[in-house]
Amino acid sequence: MKRIHFTADDLARTRVVPTIGAAAETSDSFRLLNERDDSLAFRRWRAALPGRLGERARPLAALMPPRGAGVDIASLAGFSSCIEEAADTFLSAPRALMRIELAAVDFRPADRAWARLLADGDRDARLQVVAALRACHRVTVAPFAAQIRSHLDAIRSAYARDWAEDGVERLLADLCRPLVRWRAPVLEVRHPRDEDVHLGGRGLLIAPTMFSSQQVELLHSPLEPDRAPVLAVPTVGDTAVGNALWDGREDGEESLGELLGRTRAAALRATADGCNTTELARRLDISLAAASHHTAVLRKANLITTSRQGKAVLHVATALGTALLQSHRRLA
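A brief report on the enclosed structure follows. Since we're looking at a predicted model, the values are computed, not measured.

### Here we look at the overall build of the protein
- Looking only at helices and strands, the protein has 17 helices and 11 strands in total.
- Computed over C-alpha atoms, the radius of gyration of the protein comes to 20 Å, within 12% of the 20 Å expected from 2.2 N^0.38 for 332 residues, which places it in the range of a compact globule.
- Relative to its 332 residues, the protein shows a buried fraction of 51%.
- In the protein, of all internal contacts separated by at least 6 residues, the share reaching a separation of at least 24 is 72%.
- Carbon and sulfur atoms form 50% of the exposed surface of the protein, whose accessible area is close to 15,700 Å².
- For the protein, the separation between the mean place of its 45 positive charges and that of its 41 negative charges on side chains is 3 Å.

Here it is in structure tokens:
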């Protein structure tokens with residue numbers, strides 16, 4: 001059991017955030033895909049996957065063994081909803097942080113030499129992890145981006161309503177029962193490791209998640225002790241919820257392709273959870289110029305917005321674009 005202790009300042013600084021990030025959702029999806037327990041809520045997701053990962057995902061398998069602790073990808077790759085931004089963050093993660101995260105993992109003998117290179121800052125080793133994240137994201141997350149974004153937005157809105165109507169303590173009391181129980185001023189989280197966590201005025205960030213189906217996790221950065229930790233809350237445990245999420249992709253996608261053209265429809269789907277031009281070109285296997293052309297057309301049609309974030313240009317579906325994606329998914 002984890003016991004998270006709140007003060008009045010912590011309650012005042014607790015808030016809901018949209019996501020644990022593209023990298024963390026991707027690593028959770030990889031773990032879920034490789035679990036022996038075939039959850040009914042994700043059975044149709046598994047069946048609908050557009051391919052298999054194989055050797056491309058070997059670095060993820062090394063970092064997240066089936067037993068014992070794995071690497072906290074969110075700590076190393078950040079909480080961006082864009083997988084390319086997450087990749088850049090991972091590549092520039094401090095060596096000290098990488099060593100802390102790797103120290104918790106019991107690597108197989110065959111992976112230990114590679115893990116030492118990763119801990120020592122070897123760029124090729126980091127690039128192998130990034131390539132595995134991208135490959136996994138393309139298979140397990142990107143094809144379902146519209147469903148994922150819509151679902152998490154709905155959950156976050158429900159959290160916000162609870163908060164607005166009855167306050168933060170009601171939100172904590174109703175959060176992910178029976179995995180979480182609020183006994184003021186302590187939030188009890190069912191967990192295999194016994195621990196008392198004192199927030200000490202930092203507050204708590206609550207993030208609904210898609211693929212962490214079995215357990216609530218508390219995420220924090222070892223090098224930033226003053227930063228509010230993130231409570232990653234699973235939201236897909238019910239079979240009916242899972243079936244509604246994964247049903248009906250093919251017919252809806254075909255009709256959207258007929259409306260916009262297959263490549264442009266795929267570009268709109270890719271922007272559901274945000275992506276930059278480079279990532280879009282990679283996902284669709286087209287040139288950067290072609291990706292820029294398709295985003296320009298979608299932007300003129302008010303289906304996406306484009307904004308600059310650092311060196312990258314991020315494309316995100318608008319409310320109109322999201323509604324179009326959802327309506328065509330319901331056609332199935």
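### Brief notes about the pairing of strand 4 (residues 186-189)
- The alternating pattern of strand 4 places Val186 and Glu188 on one face and Leu187 and Val189 on the opposite face, and all of these are buried.
- In this sheet, strand 4 lies alongside strand 1 (residues 2-5) in antiparallel orientation, the contact comprising 4 bridges. Looking at the pairing, Ile4 lines up with Leu187 of strand 4.
- Judged from the 4 bridges that link them, strand 3 (residues 180-183) and strand 4 form a sheet pairing that is antiparallel. Among the inter-strand pairings, Arg181 is bridged to a residue of strand 4, identified as Glu188.
- The loop that links strand 3 with its antiparallel partner strand 4 comprises 2 residues.

### Focus on empty space enclosed by the protein
- Scanning all chains against the criterion turns up 2 cavities of 30 Å³ or more.
- Together, Ile83, Glu84, Arg134, His137, Arg138, Glu279, Arg282 and Arg283 line the second largest cavity.
- Broken down by secondary-structure element, the contributors of at least two residues to the lining of the second largest cavity are helix 6 (83-91), helix 9 (123-140) and helix 15 (277-284).

### Some thoughts on the sheet that holds strand 5 (residues 195-198)
- The strand order across the open sheet built from 4 strands is 3-4-1-5, with neighbouring strands paired in mixed fashion. Each edge of the open sheet is held by one strand with a lone partner, namely strand 3 and strand 5. Taking the axes of each pair of neighbouring strands and ignoring which way they run, one obtains an average angle of 20° across the sheet.

### Let's talk about the sheet that holds strand 6 (residues 205-209)
- In space, the 4 strands of this open sheet follow the order 2-6-8-7, with mixed pairing throughout. Each edge of the open sheet is held by one strand with a lone partner, namely strand 2 (15-16) and strand 7 (217-219).
- Judged from the 2 bridges that link them, strand 2 and strand 6 form a sheet pairing that is parallel. Its bridge partner being in strand 6, Val16 is matched across the sheet by Ile206.
- Here helix 10 (residues 145-166) sits on the sheet and contacts strand 2, strand 6 and strand 8 (230-234); the angle it forms with strand 6, its principal contact strand, is near 140°.

### With respect to the environment of Glu55
- When you line up the elements, Glu55 lands in the loop between helix 3 (43-48) and helix 4 (58-63).
- Exposure remark for Glu55: the relative accessible area of 63% places this residue in the exposed category.

### Let's talk about the side chain of Thr14
- Looking at where Thr14 falls in the secondary structure, it is placed in the loop between helix 1 (8-12) and strand 2.
- Here Thr14 falls in the buried class, since its relative accessible area comes to 1%.
- Side-chain polar atoms of Thr14 contact the backbone oxygen of Asp10, separated by 2.7 Å.

### Observations regarding the side chain of Ser29
- Mapped onto the elements, Ser29 comes out in helix 2 (residues 22-34).
- For Ser29, a relative accessible area of 0% translates into the label buried.
- Engagement of the side chain of Ser29 in a polar contact is seen with the backbone oxygen of Thr26, the distance being 2.6 Å.
- What Ser29 contacts, discounting residues up to four positions off in sequence, is Trp45, Cys136, Thr140, Val141 and Phe211.

### Observations regarding the packing of helix 6 against helix 9
- Taken N-terminus to C-terminus, the directions of helix 6 and helix 9 make an angle of 160°; their axes are 10 Å apart at the nearest point. Considering the angle they form, helix 6 stands roughly antiparallel to helix 9. The interaxial crossing formed by helix 6 with helix 9 has right-handed handedness. For the pair helix 6 and helix 9, contact is made by Ile83, Glu84, Ala87, Phe90 and Leu91 and by Arg123, Arg126, Leu127, Val129, Val130, Arg134 and His137, respectively.
- Residues that form the contact of helix 6 with helix 9 fall into these classes: 7 nonpolar, 1 polar and 4 charged.

### A closer look at helix 10
- Look at helix 10: 32 Å from first C-alpha to last across 22 residues, which is about the 32 Å you get at 1.5 Å a residue.
- Taken together, the buried positions of helix 10 are Ala145, Ala146, Gln147, Ile148, His151, Leu152 and Tyr159.
- Note on helix 10: the residue one or two positions beyond its end, Gly167, has a positive phi of about 95°.

Analysis parameters
- Residues numbered from 1 in each chain as written.
- Predicted model: local features only at pLDDT ≥ 70, side-chain atom pairs only at ≥ 80, totals over all residues.
- Heavy atoms only, no water.
- Helix = DSSP H or I, 4+ residues; strand = E, 2+ residues; numbered from the N terminus.
- Rg over C-alpha atoms; globule rule 2.2 N^0.38 Å.
- Buried < 20%, exposed > 50% of the residue type's maximum accessible area, 1.4 Å probe, protein only.
- Contact = heavy atoms within 4.5 Å.
- Areas by Shrake-Rupley, 256 points an atom, 1.4 Å probe, with all protein chains shown as cover.
- Lys, Arg positive; Asp, Glu negative; His and termini not counted.
- Charge placed at Lys NZ, Arg CZ, Asp CG, Glu CD.
- Pairing = 2+ DSSP bridges.
- 1 Å grid on protein atoms, 1.4 Å probe; cavity = no way out; pocket = protein on both sides within 12 Å on 5 of 7 lines; lining within 4 Å.
- Points joined across faces, edges and corners; volume = space filled by probe spheres on them.
- Axes fitted to C-alpha atoms, helices over the stretch in contact; angles between N-to-C directions.
- Polar contact = N/O pair within 3.5 Å; in protein donor to acceptor, adjacent residues only side chain to side chain.
- Parallel < 35°, antiparallel > 145°, perpendicular 65-115°, else oblique.
- Left-handed = near helix turned anticlockwise from the far one by under 90°.
- Nonpolar A, V, L, I, M, F, W, Y, C, P; charged D, E, K, R; others polar.
- Expected span 1.5 Å × (residues − 1).

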